[in-house]
Amino acid sequence: MTLLIDEENRVRTLTLNRPEALNAFNEALYDATAQALLDAAEDPEVAVVLLTGAGRGFSAGTDLAEMQARITDPDFQEGQYGFRGLIEALAAFPKPLICAVNGVGLGIGATILGYADLAFMSSTARLKCPFTSLGVAPEAASSYLLPRLMGRQNAAWLLLSSEWVDAAEALRMGLVWRVCEPDELLPEARRHADILAGRPIASLMAVKHTMLEPLRPEIAAATARENAHFAELMGAQANAAALADFSNRTR
């Protein structure tokens, strides 16, 4: 299974489970994660969702082999939700979302933190937004959410440089809320999830709604801008060269 789902004391834990691919999102994982968020949103017994990864990666972002196939294979099959469906589910998710970044996070494995209400990170984890190295645009409304979360210059470095950011730097930038030793990451994230899950769900949802409702039109507008740039740049010379280089290195 590409996604493991566990529930205890009103906390639903979603574990990205493609460890052999560092939990890179293929269409199946996009679909499974989006559906799990939609289901948790509607389930009256779920108060909090905790998202983490199996193995040594949080998520290596979009599966680049599938990205290339989307460009070159006329028979490529898109999923039910895909990347855009996952972003829509994240943007609309009405309950607390906690991310526990257990290992490397690239692309959506980093930008998903813009949707986290609390983000915990292992001291050995690293994050990267590789958009400029792939010749593409930002994604997941990161062009709006990350400057708001981190400040413009921190977000500019993350989105423009395609450089790694370690846990200490991510904490300094404000991208994550807590840094933990690897064996303490999930227990600490879970401890905070349990505290929230002990509160009335209707109250949790009211707090999140009042905090996020003013942002949702801006998130939608940023997503539309990013999608337009992404469609223009994907398959263009710089992106094609980057994907070809990736394909050559993985043969």
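Quantities reported herein were computed from a predicted structural model and do not represent experimental measurements.

> Got a sec to walk through the layout of surface pockets? Specific residues and values, please.
Taken as a whole, the second largest pocket spans an internal volume of roughly 680 Å³. In this structure, the second largest pocket is lined by 28 residues; those nearest its centre are Ala116, Asp117, Leu118, Met211 and Leu212. Of all elements in the fold, only α3 (82-92), β7 (118-122), α5 (142-150), α9 (201-212) and α10 (216-233) reach the threshold of two or more residues within the lining of the second largest pocket. Of the residues belonging to the lining of the second largest pocket, the class tally is 20 nonpolar, three polar and five charged.

> Describe the pairing of strand β2 (residues 11-16), with residues and values.
Most of β2 is tucked away: six of the six residues are buried. Covered by surrounding structure in β2 are Val11, Thr13 and Thr15 together with Arg12, Leu14 and Leu16, the residues of both alternating faces. Note: strand β1 (residues 3-8) against β2, six bridges, orientation antiparallel. Of the residues in β2, the one forming a bridge with Glu8 is Val11. Counted between consecutive antiparallel strands, the loop separating β1 from β2 contains two residues, among which Asn9 sits at a positive phi close to 50°. As judged from the six bridges shared by β2 and strand β3 (residues 48-53), these two strands associate in the parallel manner. Paired with Leu14 across the bridge in β3 is Leu51. Handedness of the crossover joining β2 and β3 through helix α1 (residues 27-42): right-handed.

> How would you sum up the pairing of β3? Please name residues and give values.
Burial analysis of β3 places six of its six residues in the buried class, the great majority of the element. Burial along β3 is two-sided: Val48, Leu50 and Thr52 and Val49, Leu51 and Gly53, pointing in opposite directions, are all buried.

> Kindly report on the packing of α5 against α10, identifying the contributing residues and their values.
The interhelical angle for the contact between α5 and α10, taken along N-to-C directions, is 130°, at an axis separation of 8 Å. With respect to each other, α5 and α10 are oriented oblique. Contact residues: Ser142, Ser143, Tyr144 and Leu145 in α5; Glu218, Ile219, Ala222 and Glu226 in α10. Of the residues in the contact of α5 with α10, the class split is four nonpolar, two polar and two charged.

> Outline the environment of Gly107, supporting the account with residue identities and numerical values.
Inspection of the secondary structure puts Gly107 in the loop between β6 (104-106) and α4 (108-111). A relative accessible area of 6% means that Gly107 is categorised as buried. The spatial distance from the C-alpha of Gly107 to the C-alpha of Glu181 is 23 Å, given a sequence separation of 74 residues. Among residues more than four places away in sequence, those in contact with Gly107 are Lys128, Cys129, Pro130, Phe131 and Glu139.

Rules of the game
- Residues numbered from 1 in each chain as written.
- Predicted model: local features only at pLDDT ≥ 70, side-chain atom pairs only at ≥ 80, totals over all residues.
- Heavy atoms only, no water.
- 1 Å grid on protein atoms, 1.4 Å probe; cavity = no way out; pocket = protein on both sides within 12 Å on 5 of 7 lines; lining within 4 Å.
- Points joined across faces, edges and corners; volume = space filled by probe spheres on them.
- Helix = DSSP H or I, 4+ residues; strand = E, 2+ residues; numbered from the N terminus.
- Nonpolar A, V, L, I, M, F, W, Y, C, P; charged D, E, K, R; others polar.
- Buried < 20%, exposed > 50% of the residue type's maximum accessible area, 1.4 Å probe, protein only.
- Pairing = 2+ DSSP bridges.
- Right-handed = clockwise from strand over helix to strand, strands pointing away.
- Axes fitted to C-alpha atoms, helices over the stretch in contact; angles between N-to-C directions.
- Parallel < 35°, antiparallel > 145°, perpendicular 65-115°, else oblique.
- Contact = heavy atoms within 4.5 Å.

These figures capture arrangement, not role.
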